[in-house]
Amino acid sequence: MPEAPEGTGAVQGKVALITGAARGQGRSHAVRLAQEGADIIAVDLCGSVDTVGYPLATADDLAQTVDLVKEAGGRIVAAEADVRDLDALSAAVARGVEELGRLDIVCANAGILTMGMSHELSEEQWRTIVDINLTGAWHTSKVATPYLIGQGEGGVLIFTSSTMGLKGGPFASAYSATKHGIVGLAKSLAMELAQFRIRSNVLHPTTVRSPMIDNPVTLKSFRPDLEAPTSDDATPILQMLNLINEPWIEAGAVSEAVLYLSSKAGENITGISLPIDLGAAAK
């Protein structure tokens, strides 16, 4: 990860809950917000899921996130919890709020990807991705919202969707369905929670260079003609998804949008879908 830039304190004194925080976008969000003055409640499963063919984050990954947040100047409370388990998630957030004193920013980021023809997916594959990506996002908002309301100072919910949450995608029907569902959840919450000055927005990244994509299992979905494709092998296919001729964005590009929506600059923004997508949604 590049050296932390000098912070401006854009979210000084705030506390952010981030699910899927052990690596990828979640880790990037945690570090970026810490650079700007926030403390972090970091939650991740840190284990395997039977229907997912690529390796998921580990306890060591979460420990590295902890170290990076501390290096960036933030306090952090980390917990291994599954967003499918409402009780475990609730306990993790309660401990974080107790130790850090408050909650202001909620990033419902945890998610998995399952690729394949829709009619060939097993019921277990479908249910698992819905439970993690969509129900997990709802669990996150359900646990966090009472804290935000109780403080009486507003706050922000930020949901990670995808360009596939705007227009679908071949061989990713289950993933796309969950990401469309997140849009409905987030925009409904924007309407419900505006009375408390709690904002709710959705991010729609194009392909992000992260362990969820940059692994042989996922890359083979883009290059099924190769036995063990590399990111270079998949680059021409991924470039075709975007208007700007790049295969993917870095997680840090999404983190800048998280920071914007979490800071004073974004305090009047709610109910939006924000593409960070090299023009993919317009293609």
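Now for a quick tour of the structure.

Reading guide: rules and limits
- Positions within a chain are numbered from 1, following the residues in the order the chain's sequence is written.
- The predicted origin of the model limits local features to residues at a pLDDT of at least 70 and limits the giving and counting of side-chain atom pairs to 80 or more, whereas totals for whole chains, interfaces and linings rest on all residues.
- Calculated side-chain values reflect all of the structure's heavy atoms, with hydrogen atoms and water omitted.
- Every case where a carboxyl oxygen of Asp or Glu lies within 4 Å of a side-chain nitrogen of Lys or Arg is listed as a salt bridge.
- Remark: exposure states derive from per-residue accessible area (1.4 Å probe, protein chains only) relative to the maximum for the residue type, with buried under 20%, exposed over 50%, and partly exposed in between.
- For the purposes of this entry, the term helix denotes a DSSP run of H or I that reaches at least four residues, the term strand denotes a run of E that reaches at least two, and both are numbered from the N terminus.
- In this description, strands pair whenever DSSP reports at least two bridges between them.
- Whether a crossover is right-handed depends on one test, that the path from the first strand over the helix to the second runs clockwise when the strands point away from the viewer.
- Each residue after the first adds 1.5 Å to the expected span of a helix.
- Note on bend: the value at a residue is the angle between axes fitted to the seven residues ending there and to the seven starting there.
- Each axis is a line fitted through C-alpha atoms, taken for helices only over the stretch in contact, and angles between the N-to-C directions span 0 to 180 degrees.
- A contact between two residues is defined here by any heavy atoms of the two lying within 4.5 Å.
- Think of a polar contact as two N or O atoms within 3.5 Å of one another; within protein, one of them needs to be a possible hydrogen donor and the other a possible acceptor, and neighboring residues in sequence only count if both atoms come from side chains.
- Crossing handedness: left-handed means the near helix sits turned counterclockwise from the far one by under a right angle, and right-handed means the same turn made clockwise.
- Throughout this entry, Asp, Glu, Lys and Arg are counted as charged residues, while Ala, Val, Leu, Ile, Met, Phe, Trp, Tyr, Cys and Pro are counted as nonpolar. The remaining residues, Gly among them, count as polar.
- The disulfide definition used here is simple: a pair of cysteine sulfur atoms within 2.5 Å.

## Some remarks on the pattern of salt bridges
Line of reasoning, step 1. The final tally for this structure, using the stated rule, is 11 salt bridges.
Line of reasoning, step 2. As a salt-bridge pair, Asp82 and Arg84 come within 2.8 Å of each other at their nearest N and O atoms.
Line of reasoning, step 3. Under the relative-accessibility criterion, Asp82 is labelled buried at 16%.
Line of reasoning, step 4. For Arg84, a relative accessible area of 32% translates into the label partly exposed.
Line of reasoning, step 5. A salt bridge links Arg223 to Asp225; its shortest N-O distance comes to 2.6 Å.

## Concerning the environment of Glu80
Line of reasoning, step 1. Examined against the element boundaries, Glu80 turns out to sit in strand E3 (residues 76-80).
Line of reasoning, step 2. Judged by its relative accessible area of 53%, Glu80 is exposed.
Line of reasoning, step 3. Put simply, Glu80 and Gln25 are 55 residues apart on the chain and 17 Å apart in space, counted from C-alpha to C-alpha.

## Quick notes on the pairing of strand E5 (residues 155-160)
Line of reasoning, step 1. Counting buried positions along E5 gives six out of six residues, so the element sits mostly inside the fold.
Line of reasoning, step 2. Residue alternation in E5 divides its side chains into two sets, Gly155, Leu157 and Phe159 and Val156, Ile158 and Thr160, and both sets are buried.
Line of reasoning, step 3. Pairing geometry for strand E4 (residues 105-108) and E5, over four bridges, is parallel. Paired with Val106 across the bridge in E5 is Leu157.
Line of reasoning, step 4. Running through helix H4 (residues 123-151), the crossover from E4 to the neighbouring parallel element E5 is right-handed.

## Structural notes on H4
Line of reasoning, step 1. The first and last C-alpha atoms of H4 sit 41 Å apart over 29 residues, in line with the 42 Å expected at 1.5 Å per residue.
Line of reasoning, step 2. The largest bend along H4 measures about 35 degrees and falls at Thr135.

## Structural notes on the sheet that holds strand E1 (residues 15-19)
Line of reasoning, step 1. Within the open sheet, the seven strands sit side by side as E3-E2-E1-E4-E5-E6-E7. Their pairing is parallel. Sheet topology places E3 and strand E7 (273-276) at the edges, where each strand pairs with a single neighbour. Between one strand and the next, the sheet's axes are offset by a mean angle of 15 degrees, whatever the strand orientation.
Line of reasoning, step 2. The strands that helix H1 (residues 24-35) touches are E1, strand E2 (39-44), E4, E5 and strand E6 (198-205); relative to E1, the one it contacts most, it runs at about 170 degrees.

## Notes on the pairing of E4
Line of reasoning, step 1. Side chains Ile105 and Cys107 project from E4 onto one buried face, and the interleaved Val106 and Ala108 project onto a second face that is buried too.
Line of reasoning, step 2. The pairing of E1 with E4 spans three bridges and is parallel. Residue pairing across strands places Ala16 opposite Ile105, the latter belonging to E4.

## Overview of the environment of Asp82
Line of reasoning, step 1. With respect to the helices and strands, Asp82 occurs in the loop between E3 and helix H3 (86-100).
Line of reasoning, step 2. The spatial distance from the C-alpha of Asp82 to the C-alpha of Thr19 is 9.1 Å, given a sequence separation of 63 residues.
Line of reasoning, step 3. Residues contacting Asp82, with those up to four places away along its chain left out, are Leu45 and Leu89.
Line of reasoning, step 4. Looking at Asp82, its side chain comes within polar contact range of the side chain of Arg84, at 2.8 Å.

## Here we look at the packing of H3 against H4
Line of reasoning, step 1. H4 packs onto H3 with a crossing angle of 35 degrees between their chain directions and a minimal axis gap of 10 Å. Crossing handedness for the pair H3 and H4: right-handed. For the pair H3 and H4, contact is made by Leu86, Leu89, Ser90, Val93, Ala94 and Val97 and by His139, Thr140, Lys142, Val143 and Tyr147, respectively.
Line of reasoning, step 2. Counted by class, the contact of H3 with H4 contains seven nonpolar, three polar and one charged residues.

## With respect to the state of the cysteines
Line of reasoning, step 1. Enumeration according to the criterion identifies zero disulfides in this entry.
Line of reasoning, step 2. Not engaged in a disulfide, the cysteine Cys46 finds its nearest cysteine sulfur in Cys107; these two sulfurs lie 17 Å apart.
Line of reasoning, step 3. On the accessibility criterion, Cys46 (14% relative accessible area) is buried.
Line of reasoning, step 4. Judged by relative accessible area, Cys107 falls into the buried class, the value being 2%.

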